[in-house]
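Given next are the chains, with one letter for each unit.
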Amino acid sequence: MNAPILRLQNLKKSFAETEIIRGVELDIFQGERHAIIGPNGAGKSTLFHLISGNLKPTSGEIFFNALRIEELAPQEINRRGLARSFQITNIFPKLTVFENLRLAVMRRHGLHYTFWRMLSKVPLVGHETDQLLERVRLKARSKTLAGELSYSEQRALEIAMTLACDPLLILLDEPMAGMSHEETDYMVGLIRELTAGRTLIIVEHDMDVVFSLSDRISVLVYGQVLATGTPEQIRNDPKVREAYLGEEVGA
Amino acid sequence: MKSMRFWLLVGATLLFLMPLVHSQSLLNASIQMLIAALFACAFNLLCGQGGMLSFGHAAYFGVGTFATLHAMKAMGGVGLLPTPLMPLAGAVAGLAFGIIAGWFATKRSGTYFAMITLALAELLHALAPHLKSLFGGESGVSTMRMPAWGISFGNSTQLYYLTLVWVLTSLGLLYLFTHTPLGRLTFGLRENSHRLRFLGYDVHHLRVLIFAISAMFSGIAGGLQAVCNESANYVVFESHLSALVVLNAYIGGVSVFLGPALGAALMTFFGYAVSDLSRSWLLYQGALFVVVMMFLPTGLTGLISSWNESKAQYGLVRLLPVAILWLVAVLLLAVSSVFLVEFLQRMFSQDYRALALANPAVPWPAITLFGRPWFPGGATTWLTPILIFFAGCWMVRLAKDRWQALLDDADVDASLSEATGNGVKS
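Residues numbered from 1 in each chain as written. Chains lettered and ligands numbered in written order. Predicted model: local features only at pLDDT ≥ 70, side-chain atom pairs only at ≥ 80, totals over all residues. Heavy atoms only, no water.

Peer 1: Which parts of the structure should I look at to understand helix H6 (residues 181-194) of chain A?
Peer 2: Owing to its 3.6 residues per turn, the α-helix aligns residues three or four sequence positions apart on the same side. With 14 residues, H6(A) extends 20 Å from end C-alpha to end C-alpha; this agrees with the ideal 20 Å at 1.5 Å per step. Residues of H6(A) that are buried sit in contact with helix H4 (123-135), helix H5 (151-163), strand E7 (169-173), strand E8 (199-203) and helix H7 (207-213) of chain A. (Helix = DSSP H or I, 4+ residues; strand = E, 2+ residues; numbered from the N terminus. Expected span 1.5 Å × (residues − 1). Contact = heavy atoms within 4.5 Å.)

Peer 1: Looking at this structure, how should I read unusual backbone geometry?
Peer 2: With glycine set apart, most residues show a phi of negative sign, and most peptide bonds adopt trans. The phi dihedral of Asp166(A) falls on the positive side, at around 55°, and the residue is not glycine. Of note, Asp166(A) is situated in the loop between H5 and E7. In this model, Glu230(B) sits at a positive phi of 60°, which is unusual for a non-glycine residue. In this fold, Glu230(B) is placed in the loop between helix H9 (203-229) and strand E2 (231-232).

Peer 1: I keep staring at the interface of chain B and chain A and nothing clicks. Help me out?
Peer 2: Buried accessible area, meaning the area lost when the parts come together, often serves as the stated size of an interface. Of the residues lining the interface, 24 residues belong to chain B; the matching set on chain A comes to 32 residues. With both sides pooled, the region where chain B packs onto chain A buries about 2,600 Å², and carbon together with sulfur makes up 64% of that total. Three residues, Pro181(B), Arg195(B) and Phe198(B), lead the burial of chain B against chain A; their summed loss comes to 27% of the area buried on that side. Scanning the region where chain B abuts chain A turns up two salt bridges. Across the pair Glu99(A) and Arg184(B) runs a salt bridge whose closest N-O atoms are separated by 2.8 Å. Going through the elements one at a time, helix H7 (156-177), helix H8 (181-197) and H9 of chain B are the ones with two or more residues in the side of chain B that touches chain A. Among the elements that make up the side of chain B that touches chain A, the one with the highest residue count is H8(B) (twelve residues). (Buried area = accessible area lost by both parts, 1.4 Å probe. Salt bridge = Lys/Arg side-chain N within 4 Å of Asp/Glu carboxyl O.)

Peer 1: How do you make sense of the side chain of Thr178(B) when you look at a structure like this?
Peer 2: Following the sequence through the fold, Thr178(B) ends up in the loop between H7 and H8. Excluding residues within four positions of it along the chain, Thr178(B) makes contact with Gln49(B), Gly183(B), Arg184(B), Phe187(B) and Phe257(B).

Peer 1: Help me understand the state of the cysteines in this model?
Peer 2: Any covalent bond linking the sulfur atoms of two cysteines counts as a disulfide. Residue and element names in this part refer to chain B. Per the counting criterion, the structure on display carries zero disulfides over all chains. With no disulfide of its own, Cys47 lies closest to Cys41 among cysteine sulfurs, the gap being 12 Å. We classify Cys47 as buried; its relative accessible area is 6%. (Disulfide = S-S within 2.5 Å. Buried < 20%, exposed > 50% of the residue type's maximum accessible area, 1.4 Å probe, protein only.)

So this is what it looks like as structure tokens:
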């Protein structure tokens, strides 16, 4: 395999006395779709917060493209090409869908401190925003307020916002949570299509999604990686079956 | 959009024609209204658009005022900075001070941000009397406006036009700003600054920039004040002014670009008109703030837009009776309150007590109010406002019922049309 794009080394995070992440070791390779699964409270979301800079680790190292990022602010990590979505939809609810996405697209064009030019005079930004909206099938909703979208549309918008900065590595935190079967199928297709050529780490509870979408899977239990491997390896790993999957895989 | 432009054009034309019809004092009040309008809009860039409620905006206004006064003194209105361009000094000072203060204040958000801005403004207010060379102590700093470009700037009309050009230009720039990338990001900051971080934006830098731009335009407003008054002392740093701009902005409505300008202009005019008529005008002003915030949380512009929405939905013919009922109800309630306040104010005034003591034969002489004598002991004196008050309450009920009936009718209409629609389909 090629060089890891993301490497976590002995990563630890405690809140006061409570250790949530207890020495995580993980390599994510360029171009793979990697799922992180684990029971509730295993620390999956915390791990995402650590990688994306939302939280600072207590100890340990995070290498992104061979450079340490664990001390960087979220925006600096983002500018190096790591984008994320959130478990709880995190958009600009009172702005239009177009506006939401345009804010995300604008960054890459380095326009954020520009106050001497009208944004409408930068057609490239609007054009790219429209293209992205089309790719997530929200073009028809572009003038709607983001807060008025359906739940799955909001999730799609959030994924589009995550993609807008053309990231190397994408973290998606439970993108399918709370979706119906049809919506989930649709979203899996969308994610597969949109993340082609990029590296993806996804936290997801829906095992059908996890096993069909990912190249490799890591199982996180009590803040430690219990096992990492292909879906087949994970399915057949006795430790995993015992600790987490149990009946679900057997059935 | 078209009607919007039309009204803006009408408004601007009226503003330019104002000196033709006005008295001197009204013209001076108009200058104050314009300055207050610009200040409120500058404040609203931070508050309404950026979601950062500053409780210390008088500081940036005041810094602009003093910078302009010193510039006027130093340059004498000649050379690089002639009198009409003097507010630029206020802009530069506001910007510079805004960057410094904003750097600290925007480290935090929400309540903590508000507290820091308040503390910084209070710091300046406490420090100003001691910095005599800068702020001139009690007597303040005063200077003279010099003629420039062949204009003397000696009368109110010329000052009015100077202020008008500055205010309209500044408001235009502030409006254009909302369409720039940074201006769009300002709304993003208000909506969800956390998300912006994960889109790669340095939220602190953005906030400092917006804070500084808001402070700069506040400084222009302060500079205009300096040019018009030719003097100022540290009173401009009082928290009263900081509070006033917050209230003006909210009364006008912070979610509409010109809302704060409208609120500030109206409240300044209210102060001008009512302070001559009544000693209790500050009480009325305060009561007005409370009433607007309680019943019109989106401000006056919110009222206008909900009127437009209702008009589109129900039609003018059905809406007008309800509106008139509301108007009458509000008027009746206002009249009864004003009557009571004015009467009590006169009754408890020192003049009245002196009058009563001077003539022991008539312990409670009549008080003239609205061109009629009223006896404090007379039943009509108290019954009149109470009756008007209850009439007002009754009107409120009528208006509410009519409004409810309108809503119910609309519901029935909607379900009827739905039913017939279904009927056609099946």
